[in-house]
Amino acid sequence: MTGSGSTDGRALVVIDMINTYDHEDAELLLPAAKQVVPVLADLIGRAREAGVPVIYVNDNFGRWRSHHGELVETALSRPHADLVEPIRPDDDSLFVVKARHSIFYDTPLSYLLWQLGVGTVVLTGQVTEQCVLYSALDAHIRHLEVTVPKDAVASIHPHLAEAALEMMERNMGARIVLAKEVGFLGTRGAAPEETARQPGGRR
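None of these values were measured; they are calculated from a predicted model.

Asks: Hey, could you run me through the overall build of the protein chain in this one?
Replies: Tallying secondary structure elements over the protein chain gives 5 helices and 7 strands in all. Mapped in sequence order, the helices and strands of the protein chain form the string β-α-β-α-β-α-β-α-β-β-α-β. Within the protein chain, the proportion of its 203 residues that are buried is 50%. Partitioning the contacts of the protein chain with sequence separation of at least 6, the portion at a separation of at least 24 is 79%. Entry remark: accessible area of the protein chain is about 9900 Å², with carbon and sulfur atoms responsible for 52%.

Asks: What exactly am I supposed to notice about the pairing of strand β1 (residues 10-15) here?
Replies: One face of the sheet, then the other: side chains in a regular strand alternate in exactly this way. Of all 6 residues in β1, 6 are buried; the element is thus mostly enclosed. The side-chain alternation of β1 yields two buried faces, one formed by R10, L12 and V14 and the other by A11, V13 and I15. Note: β1 against strand β4 (residues 120-126), 6 bridges, orientation parallel. Note on β4: the bridge partner recorded for V13 is L123. Handedness of the crossover joining β1 and strand β2 (residues 54-59) through helix α1 (residues 26-50) is recorded here as right-handed.

Asks: Honestly, the side chain of T20 in this entry has me stumped. Any pointers?
Replies: Among the secondary structure elements, T20 is positioned in the loop between β1 and α1. Within the structure, T20 has its side chain in polar contact with the side chain of D22 (distance 2.6 Å). Once residues lying within four places of it in the same chain are set aside, the contact partners of T20 are T74, A75, R78 and H80.

Asks: Sorry, what's going on with the nonpolar core here?
Replies: In summary, soluble globular proteins display a tendency toward joint burial of nonpolar side chains. Residues L12, M17, Y21, L40, L43, I44 and F184 are the most contacted members of the largest nonpolar core, which totals 36 residues. Those elements that place two or more of their residues in this core are β1, α1, β2 and α2 (68-76). For this core, the element with the highest residue contribution is α1, accounting for 12 residues. Beyond its immediate sequence surroundings of up to four residues, I44 is in contact with L12, V14, V54, Y56 and I87. Counting residues in hydrophobic clusters, the runner-up holds 30 residues, among them V13, V121, C131 and I176.

Asks: I would appreciate a short explanation of the packing of helix α4 (residues 128-141) against helix α5 (residues 158-172) in the present structure.
Replies: Packed helix pairs are specified by the crossing angle of their axes together with the interaxial distance, meaning the distance between the axes. Orientation of α4 relative to α5, taken along the N-to-C sense of each, is 5 degrees, at an axis distance of 9 Å. The angle between the axes of α4 and α5 places the two elements in the roughly parallel class. Residues T128, E129, V132, L133, A136, L137 and H140 of α4 touch α5, and the partners they reach there are L160, A161, A164, L165, M167, M168, N171 and M172. Considering only residue class, the contact of α4 with α5 consists of 11 nonpolar, 3 polar and 1 charged.

Asks: Help me out: how do you make sense of unusual backbone geometry in this one?
Replies: Glycine aside, negative phi is the norm for most residues, and most peptide bonds take the trans geometry. Across the junction of Q126 and V127, the peptide omega takes the value 5 degrees, indicating a cis bond. By the secondary structure assignment, V127 is in the loop between β4 and α4. Positive phi, close to 55 degrees, is recorded for D106, a residue that is not glycine. Structurally, D106 can be placed in the loop between β3 (94-98) and α3 (109-116). The exposure class of D106 is exposed, given its relative accessible area of 71%. Positive phi is not limited to glycine here, since H143 has a value of about 65 degrees. Tracing the backbone shows H143 in the loop between α4 and β5 (145-149). In this structure H143 comes out as exposed when scored by relative accessible area, which is 75%.

Rules of the game
Residues numbered from 1 in each chain as written. Predicted model: local features only at pLDDT ≥ 70, side-chain atom pairs only at ≥ 80, totals over all residues. Heavy atoms only, no water. Helix = DSSP H or I, 4+ residues; strand = E, 2+ residues; numbered from the N terminus. Buried < 20%, exposed > 50% of the residue type's maximum accessible area, 1.4 Å probe, protein only. Contact = heavy atoms within 4.5 Å. Areas by Shrake-Rupley, 256 points an atom, 1.4 Å probe, with all protein chains shown as cover. Pairing = 2+ DSSP bridges. Right-handed = clockwise from strand over helix to strand, strands pointing away. Polar contact = N/O pair within 3.5 Å; in protein donor to acceptor, adjacent residues only side chain to side chain. Core = buried A, V, L, I, M, F, W, Y, C linked by side-chain atoms within 4.5 Å. Axes fitted to C-alpha atoms, helices over the stretch in contact; angles between N-to-C directions. Parallel < 35°, antiparallel > 145°, perpendicular 65-115°, else oblique. Nonpolar A, V, L, I, M, F, W, Y, C, P; charged D, E, K, R; others polar.

Next comes the structure, spelled out in structure tokens:
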């Protein structure tokens, strides 16, 4: 049995973008996050327009009594609210709280994706060389197709991010594309199909 709602079998997953940016390495992350937010906001908007599920999977930052509404409110009350407001969850968004790097580790995400009939996850958010990388591996071993828009993921260390993207493509079969190349075929319209992978590796 799958859940209600007709999609193209994809879900857009937004990782750890509900963020106060007051943690270790935040200063190194902020420049990349500022570049990613407008790209991600457009991607989220296109997914919503197509009726494709948008799933936020977010650290609880050790606040075990927090629910997703409190996490959003806290992030919006901090100095970097401008990085959260454009991509904040709407009433149709789904939200999964995680405690470790992978979006799958001890979370109900696998069941949720199965219920929605999702076979491809589009991974976005932060950090490329940490949570996005580990989540891509866990998606791969669960036989999910993985797409990573490289301009919709933020990194702390760019050289490690490049290596992580290469590992995702080579070892996990991930499609590494630009956000504009991600197409959503949904219930309320359609965006262009993803451009076919060019021979010879990553773009």
